[in-house]
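Residue-level structure breakdown
The lines below spell out each chain.
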Amino acid sequence: MSNVSGKHGYIDNIEFAVSDIERSREFYGSVFNWQFTVYGPRYCEFTDGRLCGGFTTLSEPKPSGGALVILYTDDLEATRVRLQKAGATIVKPEFSFPGGRRFHFTDPDGYELAVWTDN
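Residues numbered from 1 in each chain as written. Predicted model: local features only at pLDDT ≥ 70, side-chain atom pairs only at ≥ 80, totals over all residues. Heavy atoms only, no water.

1. A word on the overall build of the chain
Selection criterion: Put simply, DSSP marks the helices as runs of H or I at least four residues long and the strands as runs of E at least two long, and each gets a number from the N terminus on. Burial classes follow relative accessibility: with a 1.4 Å probe on protein chains only, a residue under 20% of its type's maximum area counts as buried, one over 50% as exposed, and anything between as partly exposed. Here, residues are in contact when the closest pair of their heavy atoms is within 4.5 Å. The Shrake-Rupley method, run with a 1.4 Å probe, gives the accessible areas here. Residue values count only the displayed protein chains as cover. Note that His is not counted, nor are the chain ends; the positive residues are Lys and Arg, and the negative ones are Asp and Glu. The atom standing in for a charge is NZ when the residue is Lys, CZ when it is Arg, CG when it is Asp and CD when it is Glu.
Counting secondary structure elements, the chain contains two helices and eight strands. Scanning the chain from its N terminus toward the C terminus, one meets helices and strands in the order β-α-β-β-β-β-α-β-β-β. Along the longest, intermediate and shortest principal axes, the C-alpha atoms of the chain span 40 × 40 × 25 Å. Of all 119 residues assigned to the chain, the portion counted as buried reaches 31%. Restricting to contacts in the chain with at least 6 residues of sequence separation, those with at least 24 account for 52%. Working note: accessible area of the chain is about 7,400 Å², and carbon and sulfur atoms make up 50% of it. Side-chain charges in the chain split into 12 positive and 16 negative, and the spacing between the mean points of these groups amounts to 2 Å.

2. Quick word on the packing of aromatic side chains
The relation between two aromatic rings is expressed through the spacing of the ring centres and the mutual angle of the planes. The criterion, for reference: Two rings belonging to Phe, Tyr or Trp (six-membered ring only in the last case) form a pair when the distance between their centres is within 6.5 Å. Interplanar angles under 30 degrees mark stacking, angles over 60 mark edge-to-face geometry, and anything in between is tilted.
All chains considered together, the criterion is met by 15 aromatic pairs. Ring geometry for Phe16 versus Tyr111: centroids 5.0 Å apart, planes at 75°, classification edge-to-face. You can see Phe16 sitting in strand E1 (residues 13–17) and its partner Tyr111 sitting in the loop between strand E7 (100–106) and strand E8 (112–117), a full 95 residues away along the chain. Here Phe16 matches Tyr111 in class, with each residue buried.

3. So, the side chain of Thr106
Turning to its location among the elements, Thr106 is positioned in strand E7. Overall, the relative accessible area of 16% leaves Thr106 in the buried class.

4. Some words on helix H1 (residues 21–32)
This is how the line gets drawn: Given a helix with a known number of residues, its expected span is that number minus one, times 1.5 Å. The term polar contact refers here to a pair of N or O atoms within 3.5 Å; inside protein, the definition further demands a hydrogen-donor-capable atom paired with an acceptor-capable atom, and it admits residues adjacent in sequence only when both atoms are side-chain atoms.
The first and last C-alpha atoms of H1 sit 16 Å apart over twelve residues, in line with the 16 Å expected at 1.5 Å per residue. Regarding H1, the residues found buried are Ile21, Ser24, Phe27, Tyr28, Gly29, Val31 and Phe32. You can read the cap of H1 off the contacts: a side-chain oxygen lies 3.1 Å from the backbone nitrogen of Glu22, and it is on Asp20.

5. Let's talk about the sheet that holds strand E2 (residues 35–38)
Note the cut-off: Here, any two strands with at least 2 DSSP bridges between them count as paired. Only the stretch in contact is used when a helix axis is fitted, and all axes are lines through C-alpha atoms; the angle between N-to-C directions ranges over 0 to 180 degrees.
Spatial strand order, E1-E4-E3-E2: four strands in an open sheet with mixed pairing. Looking at which strands have only one partner, the edges of the open sheet turn out to be E1 and E2. Across the sheet, the axes of successive neighbouring strands diverge by a mean angle of 25°, strand direction being ignored. Where E1 lies against strand E4 (residues 52–56), five bridges are found, and the strand directions are parallel. Opposite Ala17, over in E4, you have Thr56 as the bridge partner. Seen against the sheet, H1 touches E2, strand E3 (43–47) and E4 and runs at an angle of roughly 145° to E4.

6. Some details on the pattern of salt bridges
Pairs can form between side chains of opposite charge whenever their charged atoms are close. We count it as follows: What makes a salt bridge here is a side-chain nitrogen of Lys or Arg within 4 Å of a carboxyl oxygen of Asp or Glu, nothing more.
What the rule picks out here adds up to four salt bridges. Where Arg23 meets Asp109, a salt bridge forms, and the shortest distance between an N and an O atom there is 3.0 Å. In this pair, Arg23 sits in helix H1 while Asp109 sits in the loop between E7 and E8, placing the two residues 86 residues apart along the sequence. According to the relative accessible area criterion, Arg23 is partly exposed, its value standing at 33%.

Listed below in structure tokens is the structure:
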């Protein structure tokens, strides 16, 4: 596979179809400190410092039927509190698994994500 770059197989971008880009920016920015670059009224790029993605209103939100995005945190309880203050709904309470603990939440458009910690 000599034509394959060092990034082959990496998740490179995640895109969420949302109903309100500003609301999504406020939600994820306030909880996870994501940074944003606005490319007009219908698309906004986000980055967590490692991975980039986007919010778009070019498609209808599709909160079910996709891969589960799992975010890491150093403090699971503090993150849960920030998520709830930002308007998230906890849909699967905290549980332990080999290697850590996590919970699942839905964002304002109904996307289900998870947050985990190894401590």
